[in-house]
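# Structural description and commentary
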Amino acid sequence: MHILLTRPAGRNEPLAGKLAAVGWQASCCPMVEIVAEPSPSPSPLANADAAFFVSANAVNHAAALVDSWPKITYLAVGGATAAALRTQGLDPITAPSDNETTEGIWTLPEMAQVAGKHFVIVRGNGGREAMANRLNREGAQVCYWQVYRRQLPKLNGLDLAQSWQRDGVNAILATSVEILQNLFTLLPEHQHAWLTRQLWLVPVERVADAARKLGCQYTLVTGGAGDDAILESIANWKNRQ
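In this text, all values refer to a predicted model and were calculated from it rather than measured experimentally.

What counts and how
Residues numbered from 1 in each chain as written. Predicted model: local features only at pLDDT ≥ 70, side-chain atom pairs only at ≥ 80, totals over all residues. Heavy atoms only, no water. Helix = DSSP H or I, 4+ residues; strand = E, 2+ residues; numbered from the N terminus. Rg over C-alpha atoms; globule rule 2.2 N^0.38 Å. Buried < 20%, exposed > 50% of the residue type's maximum accessible area, 1.4 Å probe, protein only. Contact = heavy atoms within 4.5 Å. Areas by Shrake-Rupley, 256 points an atom, 1.4 Å probe, with all protein chains shown as cover. Lys, Arg positive; Asp, Glu negative; His and termini not counted. Charge placed at Lys NZ, Arg CZ, Asp CG, Glu CD. Pairing = 2+ DSSP bridges. Axes fitted to C-alpha atoms, helices over the stretch in contact; angles between N-to-C directions. Arc of directions from axis to C-beta. Polar contact = N/O pair within 3.5 Å; in protein donor to acceptor, adjacent residues only side chain to side chain. Core = buried A, V, L, I, M, F, W, Y, C linked by side-chain atoms within 4.5 Å. Parallel < 35°, antiparallel > 145°, perpendicular 65-115°, else oblique. Left-handed = near helix turned anticlockwise from the far one by under 90°.

## Some remarks on the overall build of the chain
Helix and strand counts for the chain stand at ten helices and eleven strands. Its C-alpha radius of gyration of 18 Å places the chain within 12% of the 18 Å reference for a compact globule of 241 residues. Principal-axis analysis of the C-alpha atoms gives the chain an extent of 55 × 40 × 35 Å. Put simply, the chain has 241 residues, and 48% of those count as buried. Sequence-distant contacts, at least 24 apart, represent 60% of the contacts inside the chain between residues at least 6 apart. Surface accessibility of the chain: about 11,300 Å² in total, with carbon and sulfur atoms responsible for 48%. In the chain, which carries 20 positive and 21 negative side-chain charges, the distance between the mean positions of the two groups comes to 3 Å.

## Examining the sheet that holds strand 3 (residues 33–36)
Note on sheets: strands pair through backbone hydrogen bonds, and any given pair is parallel or antiparallel. Strand order in the open sheet formed by six strands is 3-8-7-4-5-6, with mixed pairing between adjacent strands. A strand with exactly one partner marks an edge of an open sheet, and here the two such strands are strand 3 and strand 6 (93–94). For strand 4 (residues 50–53) and strand 7 (residues 118–124), the ladder comprises four bridges, and the chain directions are parallel. Residue A50 lies in a different strand from strand 7, and its bridge partner there is F119. Contacts between helix 3 (residues 79–86) and the sheet are confined to strand 4, strand 5 (73–76) and strand 6, with strand 5 contributing the most and set at about 145° to the helix.

## Things to note about helix 3
Along helix 3, the positions that sit buried rather than exposed are T81, A82, A84 and L85. Seen end-on, helix 3 carries its buried residues on one side only, within an arc spanning 160°. Elements that come into contact with the buried residues of helix 3 comprise strand 4, helix 2 (56–63), strand 5 and strand 6.

## A word on helix 6 (residues 157–167)
For helix 6, the complete set of buried residues consists of G157, L160, A161, S163 and W164. End-on, the buried residues of helix 6 take up no more than an arc of 165°, which puts them together on one face. Buried positions along helix 6 lie against strand 1 (2–5), helix 7 (177–186) and helix 8 (192–197). Backbone nitrogen of L158 and a side-chain oxygen of the N-cap are separated by 3.2 Å at the start of helix 6; the cap is N156. Positioned one or two residues after helix 6, G168 has a phi angle of 85°, which is positive.

## A word on the nonpolar core
In a soluble, globular protein the nonpolar side chains are often hidden away together inside. Ranked by internal contacts, the top residues of the largest apolar core, which has 26 residues, are M31, W164, I172 and W200. Residue contributions to this core peak at five residues, all from helix 7. Once you skip the residues sitting within four places of it in the chain, I172 turns out to touch L4, T6, L183, W194, L195, Q198, L199, W200 and L201.

## Topic: the packing of helix 1 (residues 13–21) against helix 10 (residues 227–240)
Two elements in contact, helix 1 and helix 10, have axes whose closest approach is 11 Å; the angle formed by their N-to-C orientations is 30°. Of the possible angle classes, the one that applies to helix 1 and helix 10 is roughly parallel. Taken as a pair, helix 1 and helix 10 cross one another with a handedness that is right-handed. Contacts between helix 1 and helix 10 involve P14, L15, K18 and L19 from the former and D227, I230, L231 and I234 from the latter.

## Considering the sheet that holds strand 1
Pairing in this open sheet of five strands is parallel, and the strands run 2-1-9-10-11 from one edge to the other. Each end of this open sheet is capped by a strand with a single partner; those strands are strand 2 (25–28) and strand 11 (218–221). The mean inter-strand angle of the sheet, taken between neighbouring strand axes irrespective of direction, is 25°. For strand 9 (residues 171–173) and strand 10 (residues 199–202), the ladder comprises three bridges, and the chain directions are parallel. When the sheet's bridge partners are listed, L173 is paired in strand 10 with L201. Running at roughly 150° to strand 10, helix 7 makes contact with strand 1, strand 9 and strand 10 of the sheet. Running over the sheet, helix 9 (residues 205–213) touches strand 10 and strand 11 and is turned about 175° from strand 11.

Quick look at the structure:
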């Protein structure tokens, strides 16, 4: 198996090494570019009860904007995000390792009583509204703090597709709907048929549904976007073949 890893820059190489260690080949090509928010608002964390970070990028870009971290509850969507918070000297609460998603956060006992509390969701531009919508329904106050932007990389899609085909890529990791869509946007239309024939590794059923709507024939839901979840799901899939 030759897997194309498409997470943002800096997130692919450790996984590529782990894949190589168990005999699988990987190529790295970020399909979303992360840049700092050009005009970020001041940090709202001091007035919050809890902050929910959607990614390690959210942590890293927020860190450049805070003088000190207030003593509030910090929530991480997954292991990489939690690790980024720990490098800031914080002790985050994170989703279960087998459900590193927004939905996984809601299984935590700390989320049982949120009414009246003030949550800050730290993220990039746009993204899912699921966490904010649920918090609002449960009676919490919610605000967003957008600290970075995601954008389509400036790459030659045709050259990339041809090189991936020459190298024998036959599986693609897409940890978000945006990454999935960016691949179809970047590659010329006559290469879309090749994309739809690959095995798509996706963290949750929501991304799998988006892949199927684009015509993708084969999807494997890994149950999380972290390295361990991805490796375990691939191993289990290979054992079933």
